[in-house]
Amino acid sequence: MAFFDFLKRLADSGAADRRRRLEAASFRHEEDEAEDCAALDCIKINAEQPPAAAPDLAVSPAAAAGPAAPPEMPPAAARQPAPLPQPGGIYAMQERNGGLYRLVKVVHAEDNMVHILRYAGRFLQIPERLDEEELHLGVDAIDGSFGAAHLPIPAQSFAVNSIHLADNALADEDFRGWRLYVDSIYDCLSESAPPWLRKAGSYAAWRDDRNAMAALADRYLLGAALPRDSKKARYWLNRLVQQGIGLAQPGEQAREEYQLLTGGVYVREMEDGWAVCKAVLKDKNGVQLLICPARFEQPPKKTNPARLLAQAGQDFAHASLSADSFLSRPAVFMGLLPITLEELLCYRKHLQALCGETELRPSTFELILQKAEAGEAEAQMEAAQIYLSGDPEWEVEQSIAAGVTWLTEAANLGHGPAAHALAMICRDGAGDTVAQDAPLSFEWLLYAAQLDYGPSQIEVAACCLQGRGCPQDHALAHAWLSVAASHDNGLSEEEKQIARQQRQDLDARLPAAQKAKARDYFRQLQESFAAGTE
């Protein structure tokens, strides 16, 4: 299914049903007891609701009502909150205890939750003007901040504490974390999900329970009761990283259990010197450590966690310790970092060794392949896209040949986007696997256009205008532009308007005989589409 079809199904037509299903699964009645997680037998979801608290980005009502502005800034009244929520809106939120300001962007909103992206930059004061370079996503390499953290927070808290700054169009990339979040919760709410897993999904979604998020991360990482999916495992682990910010200061020795954090980088005394360690998971049962091979005579003084890990080496060893065991030797907290794929895979090997005969489910990509092999065109298209680009997080190596094979399978089932993708590959070539072939590219384009796929209809018109892969024929180009502008073919209204403008420009240059020929072509094309629907 195309991404925006997915988005429409979940965020628009399915919004009420999704809320109902999530509410029904939230197990808010405390007499419902959580069960032990059968797969690993190590995590039990706490049935007590944790104290209500906004995530790291919460600010006091006083700050939200209008913080003191420097003289050069406009009056606070100009910063009044816009009607909430505002998807695509950029807001300023203050860190706990009157800290620095963060910029956040609303991705999705519903009755009781607002889903935001948190930008990496911090500000002493609310910025007067937003520059593009300030709105960057990603990990801040200097301080190891989480950067593009996707956070669902209570709508009421967001409405009280947010300060609207500007509006910015949403892009596909903005939805990535939200999509993983919704996907994860739907996995937990499937009819085949056991009660304890439904409860884990509810606690992770509605209550930000650390043990619930840890449970989801482990199950996705291993394929226990859920499809194996490293992307979703990393999402929930990095949500744990986000929750830990502010609980300990870099450079201080960890002395209490609460100071052991998922994503925390520590320098810990070992028998043979000081070692750099990273906690890949911390839950109520203890801490899962990845220990770097290098040893230091003294603990490093600089607290940049990313540089420390780079200096200490990436050939990790794994250790499972209780909190007391970890704290039995001096351990200096150096900072937080998101969990990487390499760390994730190292932890998975450890889990697999523990599980023994536990039945594990296939990965998400393996499930896609199963559907593709069963003849589902959408799955074939999705498998092709993953093979064409490669996807390390799903452990899929790039394979142009496999991608072309699945595109061909989907195209032969009448999948227009797959045929269009094949046309583009034939047009541009793909290394040593596919040679450039303009006539073959045009054949695939024509096939996709006849399947009423709008982008191919536009591209066929361009080929006819230029004589690319086919004889030059302006009248036929005119006819295909008319088809693209008038059909329900997946093109946006803006794209159709561009096609109309191109047709109008071409119409002004064509002699009368060519115009008559173009009308005849258009009539024939319309008849062919009508015949195809009978």
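Higher on the page you've got the structure.
Adjacent strands of a sheet pair through backbone hydrogen bonds, lying either parallel or antiparallel. The five strands lie next to each other as β4-β3-β2-β1-β5, forming an open sheet whose pairing is antiparallel. Because the sheet does not close on itself, it has two edges, and the strands there are β4 (149–154) and β5 (163–167). Each neighbouring strand pair of the sheet contributes to a mean axis angle of 40 degrees, computed without reference to strand direction. Across the sheet, helix α5 (residues 176–189) touches β2 (101–109), β3 (113–123) and β4, and the angle it forms with β4 is around 60 degrees.

On to the nonpolar core, then. Nonpolar side chains in soluble globular proteins generally cluster together in the buried interior. Judged by nonpolar contacts, the single largest core of 75 residues is most densely connected at Y181, L216, W236, Y266, V276 and L289. Looking at which element gives the most residues to this core, the answer is helix α7 (residues 210–222), with nine residues. Aside from chain neighbours lying at most four places away, what touches L216 is C188, L197, A200, G201, A204, L226 and W236.

Here we come to unusual backbone geometry. Phi angles above zero are rare outside glycine, and E395 is one such case at about 60 degrees. Mapped onto the elements, E395 comes out in the loop between α13 (377–389) and α14 (400–412). At D452, a position not held by glycine, the phi torsion is positive, near 65 degrees. Here D452 lies in the loop between α16 (438–450) and α17 (454–466).

Take the sheet that holds strand β8 (residues 286–296) next. Strand order in the open sheet formed by five strands is β9-β8-β7-β6-β10, with antiparallel pairing between adjacent strands. Single-partner strands in this sheet number two, and they are β9 (317–321) and β10 (331–336). Each adjacent strand pair in this sheet contributes to an overall mean axis angle of 30 degrees, direction not counted. With eight bridges joining them, strand β7 (residues 273–283) and β8 adopt antiparallel strand pairing. Bridge pairing in β8 places K278 opposite L290. Helix α9 (residues 305–312) rests against β6 (264–270), β7, β8 and β10 of the sheet, and its axis sits at about 60 degrees to β8.

At a minimum axis separation of 8 Å, α13 and α14 run at an interaxial angle of 160 degrees. Overall, the two elements α13 and α14 adopt an arrangement that is roughly antiparallel. Taken as a pair, α13 and α14 cross one another with a handedness that is left-handed. On α14, the residues touching A377, Q380, M381, A383, A384, Y387 and L388 of α13 are I400, A402, G403, V404, W406, L407, E409 and A410. Grouping the amino acids of the contact of α13 with α14 by side-chain chemistry returns 12 nonpolar, two polar and one charged.

This paragraph deals with the pattern of salt bridges. Between side chains of opposite charge, a pair can form as their charged atoms come close. All told, the structure shown has 18 salt bridges when counted by the stated rule. With a closest N to O distance of 3.0 Å, D272 and R295 form a salt bridge. Of this pair, D272 sits in the loop between β6 and β7 while R295 sits in strand β8; the two residues are 23 residues apart in sequence, bridging distant segments of the chain. Given a relative accessible area of 52%, D272 falls into the exposed group. Here E527 makes a salt bridge to R523, at a shortest N to O gap of 3.0 Å. Pair noted here: E527 and R523 are both in helix α20 (residues 512–532), with a separation of four residues, about one helical turn. Residue classification places E527 among the partly exposed residues on the basis of a relative accessible area of 46%. Shared partners join several salt bridges into a network, and the residues in it are R427, D428, E459 and R468.

What counts as what
Residue positions are given per chain, counted from 1 along the sequence in the order it is written. This being a predicted model, a pLDDT of at least 70 is required before a residue's local features are given, and a value of 80 or more before pairs of side-chain atoms are given or counted; all residues contribute to the totals for chains, interfaces and linings. The side-chain quantities take in all heavy atoms of the structure and omit both hydrogens and water. Pairs of strands are assigned from DSSP output, requiring at least two bridges between the strands. Numbered from the N terminus, helices here are DSSP runs of H or I no shorter than four residues, and strands are runs of E no shorter than two. Note on geometry: axes are lines fitted to C-alpha atoms, helical ones only across the stretch in contact, with angles between N-to-C directions running from 0 to 180 degrees. Between two residues, a contact is recorded if the distance between any of their heavy atoms is within 4.5 Å. Remark: nonpolar core denotes a set of buried residues (Ala, Val, Leu, Ile, Met, Phe, Trp, Tyr, Cys) joined through side-chain atoms within 4.5 Å. The buried label goes to any residue with under 20% of its type's maximum accessible area, the exposed label to any with over 50%, and the partly exposed label to all in between, with areas taken from a 1.4 Å probe on protein chains only. Any angle that falls under 35 degrees is termed roughly parallel, while one over 145 is termed roughly antiparallel, one within 65 to 115 roughly perpendicular, and all others oblique. By definition, turning the near helix anticlockwise from the far helix through less than a right angle yields a left-handed crossing, and turning it clockwise yields a right-handed one. By the convention adopted, Pro, Cys, Tyr, Trp, Phe, Met, Ile, Leu, Val and Ala count as nonpolar, Lys, Arg, Asp and Glu as charged, and the other residues, Gly among them, as polar. For this analysis, a salt bridge means a side-chain nitrogen from Lys or Arg found within 4 Å of a carboxyl oxygen belonging to Asp or Glu.

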